[in-house]
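# Residue-level structure breakdown
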Amino acid sequence: MLSTSRAVNCSPACARRSSDAPSRTTPLISAPKTRRGSRGGGLPRCSVRADTIGCLEAEPWGGGAPALPGLQVAAPAPGDVVIPVPSEQRVNEVVLKQAALAAAKPITARTMEPVAGGMEEAFHRCGEVCKEYAKTFYLATQLMTPERRRAIWAIYVWCRRTDELVDGPNASHISALALDRWESRLEDIFAGRPYDMLDASLADTVANFPVDIQARHDLTRVIEIDPPFRDMIEGMRMDLKKSRYRTFDELYLYCYYVAGTVGLMSVPVMGISPESKAKTETVYKGALALGLANQLTNILRDVGEDARRGRIYLPLDELEMAGLSEEDIFNGRVTDEWRSFMRGQIARARSFFREAEEGATELNQESRWPVWASLLLYRQILDEIEANDYNNFTKRAYVPKAKKLMALPKAYLRSLMLPSSQTLSQRQYSSLL
């Protein structure tokens, strides 16, 4: 019998978690700042060991799984000339691969057996985590079919646990080796060897939906690391060693790693509408764009908080072209140069939101509401930055509760609209008559 023990409440160590450590990853519906402390029986135990995940630990699942050997990345041969590939091109190749995978294994209408026993408890636990950390996300998933809802919860929880490694209460103890172990544990999940109940929920999800870690093995156990799950871990590695981004090309790759990957993970579960006339890659590009837009919005909102942590998630070359320096960021100077710079950054984020709309309309109807809610709510943060006269050093841009409540019915109405590709196809057909 598999273990279904529920983890105990969060300890005081969790409540002491630093309040100025914003979450770096952006789920499909972006979660607010990670909540500190306990809310009764909802949160799991908070660990103080360097090799655990902090406030999202769970009891072992059936005794755990054996550790895998350390992973290696294939290195270029001596004398090879390595030509840098632009980040957007690299990520686009990922999108095409994931779209091809989904097209080869389409999700069709099917009746899935209700989960029971240990798996029922595992998914219930994921739902509790989502409800605690991302209320809007949890609410929006209620319109999904039960199997899609459970799967999205499982992916969300894995992403948050991954983020906890570098932004959680144990972050100061986390090393590259800990991330290597987490990556090995990911491979165990995909092989059907979960360590705990939260791992088990993701193992069940990847067994029922065409998501993949895209690992290619050879006899020497050298693995070419490929997205999207592995790439999110790579984003955590980047956060451990990198606190500046010279160009937007560098920042683009980081945003993909920590946020765009979530969209690629989620599309197979969300599903594409049977009424959609769009190419599969169009939907995946829209999901990627939403992740990028949300993460760029996070970055613009949190400039002051990140600066107090010694970090700048802005393209340094664009700052220089605007006549700004790192000292301007650390000193929090709101000048005309800063306002002009911010207008350009906000315009870029909004362009990604517009691209995201193209993919959102093509999803299954029961999956559209959470995506549209994320899009509309997060885009409003950019409006609030402008309303604060671009002072994102000492003023936090947040969307008032009334505006959030107004956005939800708008998102729901947008979710009821036919896929834009179908309406476009109808208009094109009508023009021929």
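How each quantity is defined
Residues numbered from 1 in each chain as written. Predicted model: local features only at pLDDT ≥ 70, side-chain atom pairs only at ≥ 80, totals over all residues. Heavy atoms only, no water. UniProt positions renumbered as here; feature names shortened; annotations may be inferred. Helix = DSSP H or I, 4+ residues; strand = E, 2+ residues; numbered from the N terminus. Areas by Shrake-Rupley, 256 points an atom, 1.4 Å probe, with all protein chains shown as cover. Axes fitted to C-alpha atoms, helices over the stretch in contact; angles between N-to-C directions. Parallel < 35°, antiparallel > 145°, perpendicular 65-115°, else oblique. Left-handed = near helix turned anticlockwise from the far one by under 90°. Contact = heavy atoms within 4.5 Å. Core = buried A, V, L, I, M, F, W, Y, C linked by side-chain atoms within 4.5 Å. Buried < 20%, exposed > 50% of the residue type's maximum accessible area, 1.4 Å probe, protein only. Domains from an automatic or database assignment. Expected span 1.5 Å × (residues − 1).

Labelled according to an unreviewed UniProt entry, the chain appears under the name 15-cis-phytoene synthase, originating from Eragrostis curvula. Its UniProt record gives the chain the following Subcellular location (unreviewed entry) comment, quoted word for word: "Plastid, Chloroplast".

## Considerations on the overall build of the chain
What the chain contains, in helices and strands, is 17 helices and zero strands. Accessible surface, the chain: about 19,000 Å² in total, of which carbon and sulfur atoms supply 54%.

## Here's the deal with the UniProt feature "transmembrane region" (unreviewed entry) in the chain
With numbering matched to this structure, UniProt assigns "transmembrane region" (unreviewed entry) to residues 251-272. As annotated, residues 251-272 has a helix share of 91% and a strand share of 0%, and its two end C-alpha atoms lie 29 Å apart.

## Remarks on the packing of helix H8 (residues 229-241) against helix H9 (residues 248-270)
Geometrically, a packed helix pair is captured by the angle between its two axes and the distance between the axes. Interaxial distance between H8 and H9 falls to 8 Å at its minimum, and their mutual angle equals 155°. In terms of their interaxial angle, H8 and H9 are classed as roughly antiparallel. H9 is crossed by H8, and the crossing has left-handed handedness. Taking contact as the criterion, the partners of Phe 229, Asp 231, Met 232, Glu 234, Gly 235, Met 236, Met 238 and Asp 239 in H8 are, on H9, Tyr 254, Tyr 256, Tyr 257, Val 258, Thr 261, Val 262 and Met 265.

## A short note on the nonpolar core
Core analysis: the largest hydrophobic core is formed by 110 residues, its most contacted members being Trp 158, Leu 314 and Trp 338. Tallying contributions element by element places H9 first for this core, with 16 residues. Both domain 1 (111-216) and domain 2 (242-418) contribute no fewer than three residues apiece to this core. In contact with Trp 158, other than residues within four places in its own chain, are Trp 182, Leu 186, Ile 189, Leu 202, Phe 229, Met 232, Ile 233 and Met 265.

## Some remarks on the environment of Leu 408
In this structure, Leu 408 sits in helix H16 (residues 401-416). Exposure remark for Leu 408: the relative accessible area of 15% places this residue in the buried category. In sequence terms Leu 408 and Ala 140 are 268 residues apart; their C-alpha atoms lie 8.8 Å from each other. With near-sequence residues (within four places) excluded, Leu 408 lies in contact with Thr 136, Leu 139, Trp 369, Ala 373 and Leu 377.

## Quick look at the side chain of Arg 161
For Arg 161, the position within the fold is in helix H5 (residues 146-167). Note on Arg 161: relative accessible area 1%, which makes it buried.

## Notes on H16
The terminal C-alpha atoms of H16 lie 24 Å apart, and with 16 residues this matches the ideal 22 Å at 1.5 Å per residue to within 8%. If you follow the buried residues of H16, they end up packed against helix H4 (135-141) and helix H15 (365-387).

## Thoughts on unusual backbone geometry
Glycine aside, negative phi is the norm for most residues, and most peptide bonds take the trans geometry. One non-glycine residue, Asp 389, lies in positive phi territory at about 60°. If you trace the backbone, Asp 389 turns up in the loop between H15 and H16.

## Focus on the environment of Tyr 257
Its place among the elements puts Tyr 257 in helix H9. Exposure remark for Tyr 257: the relative accessible area of 8% places this residue in the buried category. In this structure, Tyr 257 is in contact with Arg 90, Asp 231, Met 232, Glu 234, Gly 235 and Met 238, ignoring residues within four places of it in sequence.

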